[in-house]
Amino acid sequence: MKKTLNVNIGSLAFVIDEDAYHILRKYLDDVGERFEPVEAAETLNDLEMRIADIFSENLASPRQVVNADLVRKTIAILGRADEFGEPRRKRQEARQNDLKQLRRSRHNRVLGGVCGGLADYFGIDVAVIRLLMFLLIFFGGISVWVYIILWIVIPSEA
């Protein structure tokens, strides 16, 4: 014997078995993750209305129970969750990976890798940064202490 739940989908009441409820809940959660919060509420509301229409068309009476097969059929009609786009957290991870981080270079170093790290960060040839650092230290008033402080403060590449 399976548990059944009374749920409101698209402002209509349905009796749904527990397995079908979990499938439908996971689907709606997956779809909701693919939209910004403002868009998600409106999209999920429209989606629920369409789900309620499909359920109503396929059930002979309101007392019939929505089963997992009907939920899978409905999902096939509406489209899989991945067809709605990428989840927000994957997009956020991709954006975070796109952010540049200032790190001391391990492969392009003479002393501490500060110039190599600055060159990687700014997308400039390391020779230009080294020449600039040399000129600033000997002719520009920046002392060697600034380089040493940068060496301490800037984390090393992993």
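Our structure is the block above this text.
### Description of the overall build of the chain
For step 1, the next point in the chain: Helix and strand counts for the chain stand at seven helices and three strands.
For step 2, the next point in the chain: Listing every helix and strand of the chain by position from the N terminus yields β-β-α-α-β-α-α-α-α-α.
For step 3, the next point in the chain: Whereas a compact globule of 158 residues would reach a radius of gyration of roughly 15 Å, the chain reaches 29 Å, over 25% beyond that.
For step 4, the next point in the chain: A separation threshold of at least 6 residues defines the contact pool for the chain, and within that pool the share at least 24 residues apart is 55%.
For step 5, the next point in the chain: Accessible area for the chain stands at about 10800 Å²; split by element, carbon and sulfur atoms hold 56% of it.
For step 6, the next point in the chain: One way to put it: in the chain the 21 positive side-chain charges average out to a point 7 Å from where the 22 negative ones average out.

### Digging into the packing of aromatic side chains
Each aromatic ring pair is described using two quantities: the centre-to-centre distance and the angle formed by the ring planes.
For step 1, the next point in the chain: If you walk through the whole model with that rule in mind, you get four aromatic pairs.
For step 2, the next point in the chain: Seen in terms of ring centroids, Phe 134 and Phe 138 are 4.8 Å apart; in terms of plane orientation they differ by 50°. Their pairing is tilted. Taken as a pair, Phe 134 and Phe 138 lie in helix H6 (residues 126-139) at a separation of four residues, close to a single helical turn.
For step 3, the next point in the chain: A residue is classified by how much of its surface remains accessible, and Phe 138, at 56% relative accessible area, is exposed.
For step 4, the next point in the chain: Their ring planes at 70° and their centres at 6.1 Å tell us that Tyr 147 and Trp 151 sit as a pair that is edge-to-face. Residue Tyr 147 and its partner Trp 151 are located together in helix H7 (residues 144-153), separated by four residues, close to a single helical turn.
For step 5, the next point in the chain: For Tyr 147, a relative accessible area of 10% gives the class buried.
For step 6, the next point in the chain: Classification of Trp 151 by relative accessible area gives partly exposed; the value is 32%.

### What about unusual backbone geometry?
For step 1, the next point in the chain: A positive phi angle, close to 70°, is found at Ser 11, a residue other than glycine.
For step 2, the next point in the chain: Looking at where Ser 11 falls in the secondary structure, it is placed in the loop between strand S1 (4-9) and strand S2 (12-17).

About the criteria used
Residues numbered from 1 in each chain as written. Predicted model: local features only at pLDDT ≥ 70, side-chain atom pairs only at ≥ 80, totals over all residues. Heavy atoms only, no water. Helix = DSSP H or I, 4+ residues; strand = E, 2+ residues; numbered from the N terminus. Rg over C-alpha atoms; globule rule 2.2 N^0.38 Å. Contact = heavy atoms within 4.5 Å. Areas by Shrake-Rupley, 256 points an atom, 1.4 Å probe, with all protein chains shown as cover. Lys, Arg positive; Asp, Glu negative; His and termini not counted. Charge placed at Lys NZ, Arg CZ, Asp CG, Glu CD. Phe/Tyr/Trp six-rings, centres within 6.5 Å; stacked < 30°, edge-to-face > 60°. Buried < 20%, exposed > 50% of the residue type's maximum accessible area, 1.4 Å probe, protein only.

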